[in-house]
Amino acid sequence: AIRDLATAAQLAPQDREVRALLAKLKAERKAKALSDRSAFAGLFERGEVVKGDPRSEGEKPGKLDLNDPKVQAMLDIHPGPGGFA
């Protein structure tokens with residue numbers, strides 16, 4: 001809308017309504033930007049979401065045997081007639 005009004009203001013610079021509406025929309029956009037800036041200020045500097053290294057937490061999974069039908073079902077693998085080599 002601002003781009004359209006800016007074009008209209010260039011085509012008809014004497015039109016006060018177009019200029020007034022353009023100024024109003026620019027002011028609203030600036031106020032919204034300031035509001036967003038204050039609302040999201042420091043969002044990424046607030047602290048840690050995960051404590052410690054998540055790779056070191058809990059039990060580590062063992063090696064999976066790809067020939068095991070349960071593992072194949074879990075991974076949705078269908079090896080074919082020769083199986084896995």
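Residues numbered from 1 in each chain as written. Predicted model: local features only at pLDDT ≥ 70, side-chain atom pairs only at ≥ 80, totals over all residues. Heavy atoms only, no water.

**Examining the environment of Thr 7**
Counted only if it meets this: The numbering of helices and of strands both runs from the N terminus, where a helix is a DSSP run of H or I of at least 4 residues and a strand a run of E of at least 2.
Examined against the element boundaries, Thr 7 turns out to sit in helix H1 (residues 2–11). When the C-alpha positions of Thr 7 and Val 18 are compared, they lie 9.8 Å apart, and in sequence the two are 11 residues distant.

**Concerning H1**
Side chains of residues three or four places apart in an α-helix project in the same direction, reflecting 3.6 residues per turn. Let me state the cut-off plainly: Residue exposure (1.4 Å probe, protein chains only): buried if accessible area is under 20% of the type maximum, exposed if over 50%, otherwise partly exposed. Here the arc refers to the directions that run from the helix axis out to each C-beta atom.
Residues of H1 that are buried: Ile 2, Leu 5 and Ala 9. The buried side chains of H1 occupy one side of the element, clustering within an arc of 60° when seen end-on. Residues Arg 3, Asp 4, Gln 10 and Leu 11 are exposed on H1 and point more than 90 degrees away from its buried face.

**Quick word on a nonpolar patch on the surface**
Note the following rule: Put simply, a patch holds well-exposed residues, over 30% relative accessible area, that have no salt bridge, with like charges counted together within 9 Å and Val, Leu, Ile, Met, Phe, Trp or Tyr side chains within 5 Å. Calculation of accessible area relied on Shrake-Rupley with a 1.4 Å probe; when residues are assessed, cover is drawn exclusively from the protein chains displayed. Here, a salt bridge means any Lys or Arg side-chain nitrogen found within 4 Å of an Asp or Glu carboxyl oxygen.
Together, Leu 64, Leu 66, Met 74 and Leu 75 make up a nonpolar patch on the protein surface, roughly 380 Å² of accessible area in all. By the element assignment, Leu 66 lies in the loop between helix H2 (16–39) and helix H3 (69–75).

**Quick look at the confidence of the model for the protein chain**
Convention followed: Each residue carries a pLDDT value, the predictor's own confidence for that position, ranging from 0 to 100.
Of the residues in the protein chain, 74% have a pLDDT of 70 or more, and the chain-wide mean is 80. Considering each helix and strand of the protein chain separately, the mean pLDDT is smallest for H3, with a value of 82, and largest for H2, with 91.

**Section: the nonpolar core**
As a reminder, the rule being used: What makes a nonpolar core is a set of buried Ala, Val, Leu, Ile, Met, Phe, Trp, Tyr and Cys residues whose side-chain atoms join them at distances within 4.5 Å. When checking whether two residues touch, look at their non-hydrogen atoms; a contact exists if any pair is within 4.5 Å.
Ile 2, Leu 5, Ala 9, Val 18 and Leu 22 form the largest nonpolar core, which has 5 residues in total. Elements that contribute at least two residues to this core include exactly H1 and H2. A total of 3 residues in this core trace back to one element, the largest contributor, which is H1. Setting aside its immediate chain neighbours within four residues, Val 18 contacts Leu 5, Ala 8 and Ala 9.

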